[in-house]
Amino acid sequence: MSDPVMVDHYAVLGNPINHSKSPLIHRLFAEQTEQDMTYSAICLPLDGFIVGLAELHAQGFKGMNVTVPFKFEAFAACEQVSERAQLAGAVNTLIRTDTGWRGDNTDGAGLVNDLTRLVGDLAGKRVLMLGAGGAASGVVKPLLDAKVDQLTIANRTAAKAADLAARAQHLRVNGCGYDVVPNQPYDIIINATAASLAGDLPPLKAGWFSDAHCLAYDMMYSKEPTVFMQAAQTFGAQQTADGLGMLVEQAAEAFYLWRGVRVRTAPVYHALLES
Ligand code: NDP
């Protein structure tokens, strides 16, 4: 048995948090790579994130994942943040320092790794992203780093899409409302809106899905195909996927930041599908 004093402690912070798959994912990563660590799910009060985080630091926690609704507060609470977190304006991974926390955002790397698993190299792909919230903000730079040819960001509140595109300062990115997105084929269409959570859809155009190799990707994940995946299939999308792979991949990036060890994600993804 390992000495409990020597074991490193990690957690995911959110509210609510009891649905989180992160404890299972990190337990499987730790078993696979034989790391001595614990990983728990902690629900912090909506008005108690900063106090809770300070207590966990005092208790010696080595790292945190942060989920809804605390990603922006976590960003503000960090002593320093990575460039990708800076561009996202949000933090999903905290790494302990002697005096506080260093922040990073692994959502984008998680998405890029999962898209690459599904369609191969992303270089040259035409990408349409629906939504301009926290999750969308985190994936713009990693998509550009993966050399996508064109990234159009469409959002219900058009100004937020335009702002996000402007922050990227890149010729290949533009942001707009849904009405002005041309009815033309894209290689990859990412649903980064929260609409699926309520069984809703952003306003889709059939022509977006008409490419022979079109992948329609919903960041939300669920047991059954999401409403977005179902609609994309109706419009002729050749391939659809939900965000379970992204969840596993962003966790693997966080695990690497904490432990310096790369995990094999495929067995963990399949274990989650079966669980
Ligand atoms: P936010 O609340 O930050 O952003 C929500 C976005 O959805 C905004 O762009 C909003 O538009 C849009 N939206 C909400 N409802 C509708 C609607 N009915 N029709 C059209 N647009 C709508 O959420 P997040 O960015 O944090 O999360 C977005 C999704 O990504 C969620 O489903 C979440 O579960 C998923 N996610 C998955 C991850 C994974 O690892 N798989 C990681 C992170 C998130 P507006 O600006 O106009 O309000």
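For clarity, every value in this text was computed on a predicted model and none was experimentally measured.

The rules behind the values
Residues numbered from 1 in each chain as written. Predicted model: local features only at pLDDT ≥ 70, side-chain atom pairs only at ≥ 80, totals over all residues. Heavy atoms only, no water. Phe/Tyr/Trp six-rings, centres within 6.5 Å; stacked < 30°, edge-to-face > 60°. Helix = DSSP H or I, 4+ residues; strand = E, 2+ residues; numbered from the N terminus. Buried < 20%, exposed > 50% of the residue type's maximum accessible area, 1.4 Å probe, protein only. Domains from an automatic or database assignment. Contact = heavy atoms within 4.5 Å. Buried area = accessible area lost by both parts, 1.4 Å probe. Salt bridge = Lys/Arg side-chain N within 4 Å of Asp/Glu carboxyl O. Core = buried A, V, L, I, M, F, W, Y, C linked by side-chain atoms within 4.5 Å. Near = heavy atom within 4 Å. Polar contact = N/O pair within 3.5 Å; in protein donor to acceptor, adjacent residues only side chain to side chain. Areas by Shrake-Rupley, 256 points an atom, 1.4 Å probe, with all protein chains shown as cover. 1 Å grid on protein atoms, 1.4 Å probe; cavity = no way out; pocket = protein on both sides within 12 Å on 5 of 7 lines; lining within 4 Å. Sits in = over half its atoms within 2 Å of the grid points.

**Comments concerning the packing of aromatic side chains**
Now for step 1: Within this structure, the stated rule accounts for 7 aromatic pairs.
Now for step 2: Summarising the aromatic geometry, the rings of Tyr-10 and Trp-258 are spaced 4.7 Å apart at their centres and angled 35° between planes, so their arrangement reads as tilted. You can see Tyr-10 sitting in strand β1 (residues 8-14) and its partner Trp-258 sitting in helix α9 (residues 244-259), a full 248 residues away along the chain.
Now for step 3: Accessibility expressed as a relative area gives 12% for Trp-258, which makes it buried.
Now for step 4: Taking 6.4 Å as the distance between ring centres and 40° as the angle between the ring planes, the aromatic pair formed by Trp-208 and Phe-209 counts as tilted.
Now for step 5: Residue class for Trp-208 comes out buried when judged on its relative accessible area of 0%.
Now for step 6: Of the aromatic side chains, those joined through ring pairs into one cluster are Trp-208, Phe-209, Phe-228 and Phe-235.

**Points about the domain arrangement of the protein**
Now for step 1: Splitting the protein by domain gives domain 1 (8-105 + 246-274) and domain 2 (108-241).
Now for step 2: Computed from C-alpha atoms alone, the centre-to-centre distance between domain 1 and domain 2 is 25 Å.
Now for step 3: If you look at the interface, domain 1 gives 13 residues, while domain 2 gives 16 residues.
Now for step 4: Note on domain 1 versus domain 2: buried area summed over both sides is about 1,300 Å², and carbon and sulfur give 63% of it.
Now for step 5: The largest share of the area that domain 1 buries against domain 2 comes from Leu-87, Met-246 and Glu-249, three residues that together contribute 45% of it.
Now for step 6: Here domain 1 and domain 2 share 0 salt bridges between them.
Now for step 7: When residues of the side of domain 1 that touches domain 2 are traced back to their parent elements, those giving at least two are α4 (83-88) and α9.

**Points about the nonpolar core**
Now for step 1: Formed by 28 residues in total, the largest nonpolar core has its most connected members in Leu-115, Met-129, Leu-143, Leu-151, Ile-153 and Ile-190.
Now for step 2: Among the elements of the structure, α5 (107-119), β7 (126-130), α6 (134-145), β8 (150-154), α7 (158-168), β10 (188-191) and β11 (215-218) are those that each provide at least two residues to this core.
Now for step 3: For this core, the element with the most residues is α6, which contributes 5 residues.
Now for step 4: If near-sequence neighbours (up to four positions away) are discounted, Met-129 is found in contact with Ala-136, Val-139, Val-140, Leu-151, Thr-152, Ile-153, Ala-154, Ile-190 and Ala-192.
Now for step 5: With 21 residues, the next largest nonpolar core counts Leu-244, Val-248, Tyr-269 and Leu-272 among its residues.

**A word on the site of the ligand**
Now for step 1: In the neighbourhood of the ligand, 22 residues make up the surrounding shell, with Gly-134, Ala-135, Asn-155, Thr-157 and Lys-160 lying closest.
Now for step 2: Residue Asn-155 places a side-chain N or O atom 2.8 Å away from an oxygen atom belonging to the ligand.
Now for step 3: For the ligand, the protein covers 79% of the area, taking 930 Å² as the surface of the free molecule.
Now for step 4: Of all the cavities here, the one that holds the ligand is the largest pocket.
Now for step 5: Elements that contribute at least two residues to the shell around the ligand include exactly α6 and α9.

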